[in-house]
Amino acid sequence: EFLYECEETMAYSKIELRRFRCYETTLVVAYTRPFSQSRGAAAPLSMKMVGLKLSNDRQALHDRLMDMRNKIMAHSDTEMMRMTTQSFDVSMREGEPPVHLIQTVFDEGITLLGALLIETNELLQEIYQAVYGTLHKELQANPELFNIRIDSEAARAARNLSR
């Protein structure tokens with residue numbers, strides 16, 4: 001919802017763009033988390049698990065979001081990197097060897113804007129409905145399966161808690 005505040009035709013300060021980029025990163029990482037392999041016993045979520053067959057356009061958008069997560073936000077793959085570097089001379093005195101510094105600028109732009117943001121939101125809703133429907137059906141048949149508490153030792157340590 002916060003990304004809808006970013007208008008495609010507006011010029012924004014670097015600070016504002018960074019704020020929008022944080023929203024975009026949060027959206028992509030939160031969306032892709034269930035579909036990504038992680039350490040532990042749970043297998044990644046698949047559309048088949050929730051009986052959902054995405055249209056070709058929606059599947060392409062899902063794949064694009066997964067690529068954004070894997071190649072931009074969670075990692076820094078060069079094939080999707082957007083940055084520039086430039087050296088500049090900061091020498092103070094003539095006749096002395098030059099002193100060069102480098103300036104690196106990463107793209108602060110937003111990818112999910114306008115129609116692509118709307119399509120992403122629609123994809124989120126479609127998958128949410130399928131997941132919720134599947135879980136609700138299973139809950140009605142086997143409510144005891146949903147009495148779960150997971151609080152790993154590593155999670156407690158991260159919160160500085162002792163048992």
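Along each chain, residue indices are assigned from 1 in the same order as the chain's sequence is written. Residues qualify for local features only when their pLDDT is at least 70, as the model is predicted, and side-chain atom pairs are given and counted only at 80 or more; totals for whole chains, interfaces and linings, by contrast, use all residues. Water and hydrogen atoms play no part in the side-chain values, which are based on all heavy atoms of the structure.

K.L.:
Can you help me understand the overall build of the protein chain in this one?
P.N.:
We count a stretch as a helix when DSSP gives it H or I for four or more residues in a row; a strand needs E for two or more, and each element gets its number in order from the N terminus. Helices and strands together make up the secondary structure of the protein chain, namely four helices and two strands. C-alpha atoms define the radius of gyration in this analysis, and the globule rule sets the expected value at 2.2 Å times the number of residues to the power 0.38. Relative to a compact globule of 163 residues, whose C-alpha radius of gyration would be 15 Å, the protein chain shows 22 Å and is clearly more extended. A 1.4 Å probe rolled over the protein chains alone gives each residue an accessible area, and that area as a share of the maximum for its type sets the label: buried under 20%, exposed over 50%, partly exposed in between. In the protein chain, which comprises 163 residues, the share counted as buried stands at 22%. Note on contacts: a residue pair qualifies if any of its non-hydrogen atoms lie within 4.5 Å across the two residues. Within the protein chain, contacts between residues at least 6 apart in sequence are counted, and of these 56% link residues at least 24 apart. Using the Shrake-Rupley algorithm and a 1.4 Å probe, accessible areas are obtained, with residue cover drawn only from the displayed protein chains. Summing over all exposed atoms, the protein chain offers an accessible surface of approximately 12,200 Å²; the carbon and sulfur share of this is 54%. None of His or the chain ends enter the tally, which takes Lys and Arg as positive and Asp and Glu as negative. For this purpose, a charge sits on NZ of Lys, CZ of Arg, CG of Asp or CD of Glu. Where the 19 positive side-chain charges of the protein chain centre and where its 23 negative ones centre are 8 Å apart.

K.L.:
Mind showing me how you'd approach the pattern of salt bridges here?
P.N.:
Should the charged atoms of two oppositely charged side chains come close, the side chains can pair. In the sections that follow, a salt bridge refers to a side-chain nitrogen of Lys or Arg positioned within 4 Å of a carboxyl oxygen of Asp or Glu. For the coordinates displayed, the defined rule picks out seven salt bridges. One salt bridge connects Arg 19 with Glu 5, and the closest N-O pair in it is separated by 3.6 Å. With Arg 19 in helix α1 (residues 14-32) and Glu 5 in the segment before α1, the pair connects residues that are 14 residues apart, well separated along the chain. Take Arg 19: its relative accessible area is 33%, and that puts it in the partly exposed class. Where Arg 58 meets Glu 126, a salt bridge forms, and the shortest distance between an N and an O atom there is 2.4 Å. Here Arg 58 is found in helix α2 (residues 56-73), whereas its partner Glu 126 is found in helix α3 (residues 114-141), with 68 residues between them in sequence.

K.L.:
What should I look at first to understand the packing of α1 against α2 in this one?
P.N.:
Helix packing for two helices is described by the angle between their axes and how far apart those axes are. Two elements in contact, α1 and α2, have axes separated by 9 Å at closest approach and are oriented at 115 degrees. If you check the angle between α1 and α2, you find them roughly perpendicular. Classified by chirality, the crossing of α2 by α1 is left-handed. The residues of α2 that touch α1, namely those facing Arg 21, Glu 24, Thr 25, Val 28, Val 29, Tyr 31 and Thr 32, are His 62, Leu 65, Met 66, Met 68, Arg 69, Ile 72 and Met 73. Of the residues assigned to the contact of α1 with α2, the class counts are eight nonpolar, three polar and three charged. Note on definitions: angles span 0 to 180 degrees between N-to-C directions of axes, and those axes are lines fitted to C-alpha atoms, for helices only across the stretch in contact. Reported orientations rely on four angle classes, namely roughly parallel under 35 degrees, roughly antiparallel over 145, roughly perpendicular from 65 to 115, and oblique for the rest. Crossings are classed by handedness, with left-handed meaning an anticlockwise turn of the near helix from the far one by less than a right angle and right-handed meaning a clockwise turn. Residue polarity is assigned by list, with Asp, Glu, Lys and Arg as charged and Ala, Val, Leu, Ile, Met, Phe, Trp, Tyr, Cys and Pro as nonpolar; anything else, Gly included, falls into the polar class.

K.L.:
Can you walk me through the nonpolar core in this structure?
P.N.:
Here is a general trend for soluble globular proteins: nonpolar side chains tend to be buried in one another's company. With 24 residues, the main nonpolar core has Leu 65 and Leu 112 as its most contacted residues. Listed by contribution, the elements that provide at least two residues to this core are α1, α2 and α3. Residues enter a nonpolar core if they are buried and are Ala, Val, Leu, Ile, Met, Phe, Trp, Tyr or Cys, with the set joined through side-chain atoms within 4.5 Å.

Interpretation note: all reported values are geometric properties and have no functional meaning in isolation.
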